[in-house]
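Breakdown of the fold
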Amino acid sequence: MREKIAIIGDRFMLPEVFREKIEEACGDNLDIRTLEAAWPDEPMEFGNAALGLDKVKEYFGDPHEVVDFIGDAEIFVTQLAPLSETMMQRLPALKLVAVSRGGPINIDMAAAKAHGITVVNVPGRNASAVAEFTIGAILAETRLIRVGHEALRKGEWRGDLYRADRTGRELNEMTVGVIGYGNIGTKVVRLLRAFGCRILVTDPYVQLSAEDRNAGVELVALDDLLSRSDVVTLHPRVTEETRGLVNKDTIARMKPGVIFVNTARGPLVDYDALYDALVSGHIGSAMLETFAVEPAPADWPLLQLPNVTLTPHIAGASVRTVTYAAEQAAEEVRRFIAGLPPVNPC
Ligand SMILES: NC(=O)C1=CN([C@@H]2O[C@H](COP(=O)(O)OP(=O)(O)OC[C@H]3O[C@@H](n4cnc5c(N)ncnc54)[C@H](O)[C@@H]3O)[C@@H](O)[C@H]2O)C=CC1
Ligand SMILES: O=C(O)C(=O)COP(=O)(O)O
């Protein structure tokens, strides 16, 4: 039997890359249809109840168009398309959904279970991309790379950037606090170890690896991390517990002049409190890659501050992220067709 597979991608998750990897893994006796969706660069919707999508979040795509495209496919491969209960009711052939992302937050998992649909995902598909980017972000701030670039563009040469009391600092004399020790946080720690800095980690739900413990990394309480770190970098997922984790209160407990880096998610941070702390100088500088509203509005005050470096949510986007995700998804499809258990069931 020729398995019917529907792949919805976009200009990042190129569906043809996923087709190629699936054919490499499973042979080409498959009935694969692909759609490269032209999704806009606008904020992702969060659970549009009128469209029956109140149980899913961070998705793109009209549910009717997605259902029409999947049709009689048994296997659906996607990154951002939603899948709700009402959609599943119209997809009786569907047996496997491979979600090319860290958490299947665009899929109604309870409904998938009730419909006997297996959902798999690709945890950590972009973890090394985000971890490397985070190290770059930290160095951009500690060594004044962005500030130096801007100075030169304005025709300034060195100036205060060459004053012993205002110039950059080396990581090897600093303490870096890593909040969240999951797929990305663990990789950030591993990379940081090469710099010889003191590394503090806070994560209420995990233990340090033996390797990190032996390398002198310390697992500490949040307060301890905040009061001791010269750099604080954020890596939890957004949950009821972590929403607004960086707020007026927690910022006040950070060291004066601290560097703050957020490559995780905007809702983890109270940006009004962050703005105030950046203006007062309590936070020396920040590197922000994710925002409460995306894209960040042109008149957003944080876009104007001189001590903030910004990027438009691109840390996870690397060439390797796509090929790696496609290989993982292809392996799940291969195993499913062969009747083997999934590698990463959700
Ligand atoms: N900028 C970008 O392009 C990308 C950003 N991300 C974001 O990066 C973040 C981390 O992603 P992953 O490492 O894949 O997530 P993960 O789920 O592997 O790790 C999250 C960690 O946070 C920990 N945690 C939970 N509550 C905590 C708390 N109160 N304090 C400290 N730690 C807590 C968890 O125990 C877990 O170890 C997420 O917010 C994700 O959305 C992910 C990929 C790309
Ligand atoms: O932040 C991003 O761009 C992401 O890709 C998030 O990744 P995830 O949904 O955690 O796999």
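Anything mentioned here points back to the structure above.
The present account deals with the structure reproduced in this document.

Criteria and thresholds
Residues numbered from 1 in each chain as written. Chains lettered and ligands numbered in written order. Predicted model: local features only at pLDDT ≥ 70, side-chain atom pairs only at ≥ 80, totals over all residues. Heavy atoms only, no water. Near = heavy atom within 4 Å. Polar contact = N/O pair within 3.5 Å; in protein donor to acceptor, adjacent residues only side chain to side chain. Areas by Shrake-Rupley, 256 points an atom, 1.4 Å probe, with all protein chains shown as cover. Nonpolar A, V, L, I, M, F, W, Y, C, P; charged D, E, K, R; others polar. Axes fitted to C-alpha atoms, helices over the stretch in contact; angles between N-to-C directions. Helix = DSSP H or I, 4+ residues; strand = E, 2+ residues; numbered from the N terminus. Parallel < 35°, antiparallel > 145°, perpendicular 65-115°, else oblique. Left-handed = near helix turned anticlockwise from the far one by under 90°. Contact = heavy atoms within 4.5 Å. Core = buried A, V, L, I, M, F, W, Y, C linked by side-chain atoms within 4.5 Å. Buried < 20%, exposed > 50% of the residue type's maximum accessible area, 1.4 Å probe, protein only. Pairing = 2+ DSSP bridges.

For the rest of this paragraph, the subject is the site of ligand 1. Taken together, the neighbourhood of ligand 1 is formed by 26 residues, with Asn183, Ile184, Asp203, Pro236 and Glu241 sitting nearest. A distance of 2.9 Å is found between an oxygen atom of ligand 1 and a backbone nitrogen or oxygen belonging to Asn183. For ligand 1, whose free accessible area comes to 870 Å², the fraction covered by protein is 86%. Within the shell around ligand 1, the residues separate by chemical class into ten nonpolar, eleven polar and five charged.

This part is about the packing of helix α1 (residues 15–26) against helix α12 (residues 319–337). Close contact between α1 and α12 brings their axes to 8 Å; oriented N to C, the two are set at 40 degrees. Regarding the angle of α1 to α12, the classification is oblique. Seen along the crossing, α1 lies across α12 with a hand that is right-handed. Residues Val17, Phe18, Lys21, Ile22, Ala25 and Cys26 of α1 pack against Val322, Thr323, Ala325, Ala326, Glu327, Ala329, Ala330, Val333, Arg334 and Ile337 of α12.

As a further point, take the site of ligand 2. Near ligand 2, the surroundings consist of Arg101, Gly102, Arg125, Asn126, Arg237, Arg265 and His313. At a separation of 2.4 Å, an oxygen atom of ligand 2 approaches a polar backbone atom of Gly102. A distance of 2.4 Å is found between an oxygen atom of ligand 2 and a side-chain nitrogen or oxygen belonging to Arg125. Looking at side-chain class alone, the shell around ligand 2 contains no nonpolar, three polar and four charged residues.

Turning next to the nonpolar core. In this structure, Met254, Phe260, Leu274, Ile283 and Leu288 are the most contacted members of the largest nonpolar core, which totals 29 residues. Those elements that place two or more of their residues in this core are α9 (222–228), β9 (231–234), β10 (258–262), α11 (271–280) and β11 (283–288). When residues in this core are grouped by element, the largest group, five residues, is from α11.

Within the open sheet, the five strands sit side by side as β2-β1-β3-β4-β5. Their pairing is parallel. At either margin of the open sheet sits one strand with a lone partner, and together these are β2 (31–36) and β5 (118–121). The sheet shows a mean angle of 15 degrees between the axes of neighbouring strands, taken without regard to direction. The sheet contact formed by strand β3 (residues 75–78) and strand β4 (residues 96–99) spans four bridges and is parallel. Looking across to β4, one finds that Thr78 is bridged to Val99. Relative to strand β1 (residues 4–9), helix α2 (residues 63–70) is tilted by about 145 degrees, and along the sheet it contacts β1, β2 and β3.

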